[in-house]
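Examination of the molecular architecture
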Amino acid sequence: MTLLVVMPDDDPADVVLRSRDAGLIRTELAALGIGFDRWPVRGAVTPTSTADEVLALYRGEVDALSARSGMKVVDVAQLLPEPGAAWAERAAAARTTFLAEHRHAEDEVRFFAHGRGCFYLHVGERVHAVVCEAGDLLSVPAGTRHWFDMGRAPEFCAVRFFQEADGWVGDFTGDPLAAAFPDLDALLAGER
């Protein structure tokens, strides 16, 4: 289930809002120009699932969103647990790639078909940490400062939508802000 945690950008310990209420999350994000929706989860995604298999599960939704939004490029990004040290190294390297604050020249649209990941959206003087789980669709407008954490033991499969093939390329801000905020694992540990 989705989680939203809102914190001032200068005091991550001051939690202004913490909610798993999908309606409240949708309202809070919409006020920032960020889209949030839910799609039904279909089938099981495994380490052997291909991108074509995942896209086939959501073909109707993918085609409708692409037509509505002008997104021309759709792919699947997944990192699912595998045995061995090579996977742990690959997972750690993938995780660090987007832990620094960045923005994109086009909208960043992601649908989580499996697992979870957290988008930290730095809007105004607040950081909105959105833990997305299977079934969540998040649409982050172009230019929105953010970072993404897939956790210390990544497990996710996301359908990514782009207007252009290089739409995923990040423009890193150089702001060290992200390092001060609780990571995905710490956000979820706060619920135990």
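Coordinates for the structure precede this section.
Rules used throughout
- Residues numbered from 1 in each chain as written.
- Predicted model: local features only at pLDDT ≥ 70, side-chain atom pairs only at ≥ 80, totals over all residues.
- Heavy atoms only, no water.
- 1 Å grid on protein atoms, 1.4 Å probe; cavity = no way out; pocket = protein on both sides within 12 Å on 5 of 7 lines; lining within 4 Å.
- Points joined across faces, edges and corners; volume = space filled by probe spheres on them.
- Helix = DSSP H or I, 4+ residues; strand = E, 2+ residues; numbered from the N terminus.
- Nonpolar A, V, L, I, M, F, W, Y, C, P; charged D, E, K, R; others polar.
- Buried < 20%, exposed > 50% of the residue type's maximum accessible area, 1.4 Å probe, protein only.
- Pairing = 2+ DSSP bridges.
- Salt bridge = Lys/Arg side-chain N within 4 Å of Asp/Glu carboxyl O.

**Observations regarding the layout of surface pockets**
Over the atoms, a rolled probe matching the size of one water molecule traces out where space is still vacant. Its boundaries defined by the atoms lining it, the largest pocket holds a volume of some 300 Å³. Taken together, 18 residues line the largest pocket, and the ones lying closest to its centre are Ala77, Phe98, Phe148, Phe156 and Arg160. Looking at the lining of the largest pocket, the elements that each hand over two or more residues are strand 4 (73-79), helix 4 (85-97), strand 6 (108-123) and strand 10 (156-162). Here the residues of the lining of the largest pocket sort into 11 nonpolar, 4 polar and 3 charged. Of the pockets and cavities examined, the second largest pocket occupies roughly 160 Å³.

**Some thoughts on the pairing of strand 1 (residues 3-8)**
Within strand 1, 6 of the 6 residues are buried, which leaves the element mostly enclosed by the surrounding structure. Of the two faces of strand 1, the one carrying Leu3, Val5 and Met7 and the one carrying Leu4, Val6 and Pro8 are both buried. Both strand 1 and strand 7 (residues 126-133) contribute to a ladder of 6 bridges, which runs antiparallel. Note on strand 7: the bridge partner recorded for valine 6 is histidine 128. One ladder, built from 3 bridges, connects strand 1 with strand 2 (residues 17-19); its direction is antiparallel. Following the sheet pairing, valine 6 is matched in strand 2 by leucine 17.

**Observations concerning the pattern of salt bridges**
Note on pairing: side chains with opposite charge can pair once their charged atoms come close. Applying the stated criterion across every chain yields a total of 14 salt bridges. The residue glutamate 82 makes a salt bridge to arginine 90 at a minimum N-O spacing of 3.0 Å. Salt bridges here are not isolated pairs; linked through shared partners, they connect Arg95, Asp149, Arg152, Asp183 and Asp185.

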